[in-house]
Amino acid sequence: GARNSLIAYAGSAHLVMPLTTDANVINIFAEDLSPQLMPREGDDPSAALSLAERQLSKTGQPGTILFITDELDSEALTAMGAHRKKGGAPICVWAAVADPPPTLRQAADPGGGSFAVITPDPSDVERLARDIQKTATSDIAGLGETWRDGGYGVLPVLVVIGAFGFRRGWVVGHE
């Protein structure tokens with residue numbers, strides 16, 4: 001039931017699928033992504049992070065940003081650290097290579113999220129899903145509203161109005 005969005009990036013970042021609860025639609029779009037579709041060559045994860053932040057801010061709800069990548073440079077690490085310092089969403093990294101460079105593991109640390117390496121079995125996806133769910137649950141728990149019961153001041157007025165209903169000779173709803 002969680003809403004997800006899909007952002008693709010190379011030399012620029014692009015919203016492929018806006019927030020939706022339909023995971024099948026995201027899967028369809030994700031299957032057709034390739035570097036050749038991108039209008040600009042390069043690697044700009046900071047642009048993708050910025051676009052993801054804007055998408056999350058539109059919802060006003062907590063969320064997690066997941067990077068599926070094979071490498072991240074030091075600029076991206078700096079941007080991710082700054083993102084978390086200003087209270088941005090946790091960043092999870094899913095290394096799309098069997099032997100990931102150390103920067104990928106470091107990216108999840110300043111991002112406050114988790115790190116997983118792609119595996120042939122579903123254990124990597126299950127671990128990320130569990131970590132993201134845990135983060136979402138703790139974020140939502142912190143958003144609860146505290147209600148203050150302020151109806152006591154109105155009670156005397158309601159008692160006086162209600163007392164008129166008990167006056168002798170007044171019958172309500174009797175035919």
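Residues numbered from 1 in each chain as written. Predicted model: local features only at pLDDT ≥ 70, side-chain atom pairs only at ≥ 80, totals over all residues. Heavy atoms only, no water.

Undergrad: Looking at this structure, I do not really get the pairing of strand β1 (residues 4-9). What am I missing?
TA: Look at any regular strand and the pattern is simple: side chains alternate between the two faces of the sheet. Where β1 meets strand β2 (residues 13-20), 5 bridges bridge the pair, whose relative direction is antiparallel. By the bridge assignment, A8 is partnered in β2 with H14. Linking β1 to β2, which pair antiparallel, is a turn of 3 residues. (Pairing = 2+ DSSP bridges. Helix = DSSP H or I, 4+ residues; strand = E, 2+ residues; numbered from the N terminus.)

Undergrad: Sorry if this is basic, but what is going on with the confidence of the model for the protein here?
TA: Reading fine detail from the predicted coordinates is not recommended where pLDDT is low. Chain-level pLDDT for the protein is 79 on average; 74% of the residues reach the 70-or-more range. Per-residue pLDDT stays below 50 along residues 139-146; that stretch engages in 5 contacts with residues further than four places along the chain or on separate chains. (pLDDT = per-residue confidence, 0-100. Contact = heavy atoms within 4.5 Å.)

Undergrad: What is the right way to look at a negative patch on the surface in this model?
TA: A contiguous patch of negative charge, built from D43, D70, E71, D73 and E75, is present on the exposed surface. Topologically, E75 is positioned in helix α3 (residues 74-85). (Patch = residues over 30% accessible without salt bridge, like charges linked within 9 Å, V, L, I, M, F, W, Y side chains within 5 Å. Areas by Shrake-Rupley, 256 points an atom, 1.4 Å probe, with all protein chains shown as cover. Salt bridge = Lys/Arg side-chain N within 4 Å of Asp/Glu carboxyl O. Lys, Arg positive; Asp, Glu negative; His and termini not counted. Charge placed at Lys NZ, Arg CZ, Asp CG, Glu CD.)

Undergrad: Whenever I open this one, the pattern of salt bridges confuses me. Can you help?
TA: When charged atoms on two side chains of opposite charge get close, those side chains can pair. Taken as a whole and assessed by the stated rule, the structure comprises 2 salt bridges. We note a salt bridge from E53 to K86, for which the minimum N-O separation is 3.8 Å. With E53 in helix α2 (residues 45-59) and K86 in the loop between α3 and β4 (91-95), the pair connects residues that are 33 residues apart, well separated along the chain. Residue D131 is joined to R127 by a salt bridge in which the shortest nitrogen-to-oxygen separation is 4.0 Å.

Undergrad: When you look at α3 in this model, what are you seeing that I'm missing?
TA: Residues separated by three or four positions in an α-helix point in the same direction, a consequence of the helix having 3.6 residues per turn. The end-to-end C-alpha distance of α3, which contains 12 residues, comes to 16 Å, matching closely the 16 Å that a straight helix rising 1.5 Å per residue would cover. Where α3 begins, the capping side chain belongs to D73, and its oxygen is found 3.3 Å from the backbone nitrogen of E75. The positive-phi residue at the C-terminal boundary of α3 is G87, with phi of around 90°. (Expected span 1.5 Å × (residues − 1). Polar contact = N/O pair within 3.5 Å; in protein donor to acceptor, adjacent residues only side chain to side chain.)

Undergrad: Quick question: what am I supposed to make of the packing of α2 against α3 here?
TA: When two helices pack together, you describe them by how their axes are tilted relative to each other and by the distance separating the axes. Viewed as axis vectors pointing N to C, α2 and α3 meet at an angle of 25°, and their least axial separation amounts to 9 Å. On the basis of their axis angle, the class for α2 and α3 is roughly parallel. Each of P45, S46, L49 and E53 in α2 lies in contact with α3, whose residues at this interface are E75, A76, A79, M80 and H83. Grouping the constituent residues of the contact of α2 with α3 by class yields 5 nonpolar, 2 polar and 2 charged. (Axes fitted to C-alpha atoms, helices over the stretch in contact; angles between N-to-C directions. Parallel < 35°, antiparallel > 145°, perpendicular 65-115°, else oblique. Nonpolar A, V, L, I, M, F, W, Y, C, P; charged D, E, K, R; others polar.)

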